[in-house]
Amino acid sequence: MALWQRLNARRLDLPLAGDGSGRYLPWIIAVMVYLSALGGLGLIVLSDTLSEWGRDLTATLTLQVPASSSAARLETVLGLLRATKAVTAVRLIEPAETARLLEPWLGNTVSIESLPLPRLIDLQVDPDARIDFALLRQRVASVVPGAQLEDHRLWLDRLRNFTVKLESVIAAIVVMIAAATVLTVVFAARTGLAIHHPIVEILHLLGARDQYIAGQFQHRALWLGLRGGAFGALAGAVTVLVLIPAAAGLQLPLRIAPHGIADVRLWLLLVLLPPAAGLVSMLTARLTVLRRLARMP
Amino acid sequence: MVTLENIGKRYDTGSEVLRDVSLNLEPGSFHFLTGASGAGKSTLLKILYLAEQQSRGVLNLFGTDVAVADRQVLAALRRRIGVVLQDFRLVPHLSVRENVALPLRIAGTPERQIDDNVGELLNWVGLADKMEARPATLSGGEQQRTAVARAIIGSPELLIADEPTGSVDDELAVTLVRLFERMNQLGATVVIATHNIDFVRRFAHARFHIEAGVLSGPLLP
């Protein structure tokens, strides 16, 4: 009760609510928080997706055997692979399954049987084992000339490098958004201070400490930041609920956002953003006003 | 209680508006400060109530050298001073009650005590029926009494009024002086600045006179 009375009393001294200096602040903060939420959500989803792909692909190799290869050569190469130390499982992919994998690109009007499709052999390897790929390729080629062993690690590494850069860009964007939010609050606080300068002078004359005057601005900024942050987080939640199930609906061979909307971190981020926006607004307003007041005698 | 030694004040690169002002105000004293417009009265008062800093010299207020005091100490010193300015400087969006309560709120006084003290004081200055009125709806005399109530609510040790005859007629200015005299009897030190020497002669108090930034006195009534 005493705290509420103090807050209430603070609000009475300066008519900040009706001065227009913070009228658009909640909307600007809402947009900033929404963009930050997208950035944060993007980082989480990107990181998870890459980890998932990495887990799947570092343990997998694909051998393409030319369509013209005989069944005997196919059996020989299967035997060779099974005898290879680091290979934990070997599976010959049936033509029907190959056709199903190609269907998204070729459609269902093309007769798969009429195409000279290579036979695919899916290899599971021990992710911790060191495999001499050059030797394995050489041995496979000696049995089936023209066979191609695809190691996903190479392009996965390139993808990982690209993702690190992408994550850095997203992080930089989030920092810039935070900086823009701070500048907006600084501008609003300075405007409010200029509008209410005569009253601030009276409070100063009556013996108000700088913290007392700054407290009124920070109280207002906290409220505006929380309100804007809540709107932004709400928009972020709607985006999560729309986009992530849509990504799952793509039914790609490798999943995007593997944890889906049940990922606690996504919601934790959205819950934490409004208080963070309120806190940043509050501290920015406080420091801005204190710096200005320090110029008074 | 209040000591000024060789105070000088200069704005930017202009000439000095106060020159070697020295004075000593004993606790419980009552002084007028007279001088023509532009003589330096308001500047001297601003230095006294800590709205401006002197360019040189020493101001010792309640035993504290203000030149070396930090901002917290300066704020605490201001709370020991009550000021009534010519234009009253009431906060327009606050009611009479809230305006008068401001010094106590700033000092962190409990709300119940604020309500009691403000009610009692407004009754004393004859504004009990105007508690919820906004300053814009008050007459000049009522605004002045509100400003006086705000100045004395915190029982200040030093009371200052700048040109009390400036915004109201002489009769109301006399009322202010009478209120200040009652506060003086309770122990407050009082300084009232005015250009109107005829007005000052109606009271039996010593005065300082300032001319072109140079202070003389105290001159006995």
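Parameters at a glance
- Residue numbers run consecutively from 1 along every chain, following the written order of its sequence.
- Lettering of chains starts at A and numbering of ligands starts at 1, both following the order in which they are written.
- Local features in this predicted model are restricted to residues whose pLDDT is 70 or higher, and side-chain atom pairs enter the listing and the counts only when it is 80 or higher, whereas totals over whole chains, interfaces and linings include all residues.
- Think of the side-chain values as coming from all heavy atoms in the structure, minus any hydrogens and water.
- Counting from the N terminus, the helices are DSSP H or I runs at least four residues long and the strands are E runs at least two residues long.
- The quantity called the radius of gyration is restricted to C-alpha atoms. Its globule counterpart is 2.2 Å times the number of residues to the power 0.38.
- Working definition: with a 1.4 Å probe on protein chains only, accessible area under 20% of the residue-type maximum means buried, over 50% means exposed, and in between means partly exposed.
- The patch calculation keeps residues exceeding 30% relative accessible area without a salt bridge and links them within 9 Å when they carry like charges or within 5 Å when they are nonpolar (Val, Leu, Ile, Met, Phe, Trp, Tyr).
- Computed with the Shrake-Rupley method and a 1.4 Å probe, the accessible areas treat only the protein chains shown as cover for residues.
- Counted as salt bridges are all cases of a side-chain nitrogen of Lys or Arg within 4 Å of a carboxyl oxygen of Asp or Glu.
- Planes of paired rings set the category: under 30 degrees apart is stacked, over 60 is edge-to-face and the rest tilted, where pairs are Phe, Tyr or Trp rings (Trp by its six-membered ring) whose centres lie within 6.5 Å.
- One bridge is not enough; two strands pair if DSSP finds at least two bridges between them.
- Axis lines are fitted through C-alpha atoms, for helices just across the contact stretch, and the angle between N-to-C directions can take any value from 0 to 180 degrees.
- Here a residue-residue contact requires only that any non-hydrogen atoms of the pair lie within 4.5 Å.
- Orientation labels follow simple angle bins: below 35 degrees gives roughly parallel, above 145 gives roughly antiparallel, 65 to 115 gives roughly perpendicular, and whatever is left gives oblique.
- Crossings are classed by handedness, with left-handed meaning an anticlockwise turn of the near helix from the far one by less than a right angle and right-handed meaning a clockwise turn.
- When residue character is reported, Ala, Val, Leu, Ile, Met, Phe, Trp, Tyr, Cys and Pro are called nonpolar, Asp, Glu, Lys and Arg charged, and the others, Gly included, polar.
- Here the buried area means the combined drop in accessible surface, using a 1.4 Å probe, for two parts upon being joined, counting both sides.
- Two N or O atoms form a polar contact when they lie within 3.5 Å of each other; inside protein one atom must be a possible hydrogen donor and the other a possible acceptor, and for residues adjacent in sequence the pair counts only when both atoms belong to side chains.

Asks: Would you mind showing me how to read the overall build of chain A here?
Replies: Across its full length, chain A holds nine helices and four strands. When the helices and strands of chain A are placed in sequence order, the string is α-α-β-α-β-α-β-α-β-α-α-α-α. The globule rule puts the C-alpha radius of gyration for 297 residues at 19 Å, and the 31 Å found for chain A is more than 25% above it. For chain A, the spread of C-alpha atoms along the three principal axes comes to 100 × 40 × 30 Å. Within chain A, buried positions represent 42% of all 297 residues.

Asks: Please explain a nonpolar patch on the surface as it appears in this structure.
Replies: A cluster of nonpolar side chains, A:Tyr24, A:Trp27, A:Ile28 and A:Phe231, forms an exposed patch at the surface whose accessible area comes to about 430 Å². Positionally, A:Trp27 belongs in helix α2 (residues 25-58).

Asks: Just to check I follow, could you spell out the packing of aromatic side chains for this structure?
Replies: We describe a pair of aromatic rings using the distance from one ring centre to the other and the angle between the two ring planes. Residues and elements named next belong to chain B. Taken as a whole, this structure holds four aromatic pairs over all chains when the rule is applied. When the ring of Phe32 is compared with that of Phe203, the centres are 5.8 Å apart and the planes differ by 35°; the resulting orientation is tilted. Residue Phe32 is located in strand β3 (residues 30-34), and its partner Phe203 is located in the loop between α7 (197-200) and β9 (206-211); the two are separated by 171 residues in the primary sequence. No difference in accessibility class separates Phe32 from Phe203, as the two residues are buried. An aromatic cluster is defined as three or more aromatic residues linked by ring pairs; in this entry it consists of Phe30, Phe32, Phe199 and Phe203.

Asks: I keep staring at the sheet that holds strand β8 (residues 189-194) of chain B and nothing clicks. Help me out?
Replies: The strands that make up a sheet are held in pairs by hydrogen bonds between backbone atoms, and each pair lies either parallel or antiparallel. All names here are of chain B. Spatial strand order, β6-β7-β8-β3-β9-β10: six strands in an open sheet with mixed pairing. Edge strands, defined here as strands with exactly one partner in the open sheet, are β6 (81-84) and β10 (214-219). Here the strands of the sheet are splayed against their neighbours by 15° on average, with no regard to which way each runs. Bridge count between strand β7 (residues 158-162) and β8: five bridges; the pairing is parallel. When the sheet's bridge partners are listed, Leu159 is paired in β8 with Val190. Helix-sheet contacts for helix α1 (residues 41-48) involve β3, β6, β7, β8, β9 and β10, and the interaxial angle to β7 is about 150°. Sitting on the sheet, helix α5 (residues 140-152) is in contact with β6 and β7, with an inclination near 170° to β6.

Asks: So what exactly am I meant to see when it comes to the pairing of strand β4 (residues 148-151) of chain A here?
Replies: Remember that side chains alternate between the two faces of the sheet whenever the strand is regular. Residues and elements named next belong to chain A. Burial along β4 is one-sided: Leu149 and Asp151 are buried, while Gln148 and Glu150, pointing the other way, are not. Alignment of strand β1 (residues 60-65) against β4, held across four bridges, turns out to be antiparallel. The residue bridging Gln64 from the neighbouring strand is Gln148, located in β4.

Asks: Honestly, the packing of α2(A) against helix α8 (residues 210-248) of chain A in this entry has me stumped. Any pointers?
Replies: To describe two helices that pack against each other, one gives the angle between their axes and the distance between the axes. All names here are of chain A. The geometry of α2 relative to α8 is characterised by a closest axis approach of 7 Å and an angle of 40° between their N-to-C directions. What the angle tells us is that α2 and α8 run oblique. The handedness of the crossing between α2 and α8 is right-handed. Across the contact of α2 with α8, the residue classes tally to 16 nonpolar, six polar and one charged.

Asks: Help me out: how do you make sense of the pattern of salt bridges in this one?
Replies: Side chains carrying opposite charge are able to pair once their charged atoms draw close together. Residue and element names in this part refer to chain B. Following the criterion strictly, the structure yields 16 salt bridges over all chains and no others. In this structure, Glu142 and Lys130 form a salt bridge, with 3.8 Å as the shortest nitrogen-oxygen distance. Here Glu142 is found in helix α5, whereas its partner Lys130 is found in the loop between α4 (111-124) and α5, with twelve residues between them in sequence. Where Arg178 meets Glu181, a salt bridge forms, and the shortest distance between an N and an O atom there is 2.9 Å.

Asks: Just checking my understanding: could you explain the interface of chain B and chain A for this structure?
Replies: Interfaces are often sized by the accessible area lost when the parts come together. Counting residues at the interface gives 24 residues for chain B and 24 residues for chain A. With both sides pooled, the region where chain B packs onto chain A buries about 2100 Å², and carbon together with sulfur makes up 61% of that total. Ranking the residues of chain B by area buried against chain A places B:Arg71, B:Arg78 and B:Ile106 at the top, with a combined share of 30%. Counting across the chain B and chain A interface gives two salt bridges. The salt bridge partner of B:Arg89 is A:Glu201, with a shortest N-O separation of 2.8 Å. There are eight residue pairs in polar contact (both at pLDDT 80 or more) connecting chain B and chain A. Looking at the side of chain B that touches chain A, the elements with two or more residues in it are α2 (71-78) and α3 (96-107) of chain B. Looking at the side of chain B that touches chain A, the element that brings in the most residues is α3(B), giving five residues. When the residues that make up the side of chain B that touches chain A are grouped by side-chain class, the tally is twelve nonpolar, three polar and nine charged.

Read these as layout, nothing more, since geometry by itself doesn't imply function.
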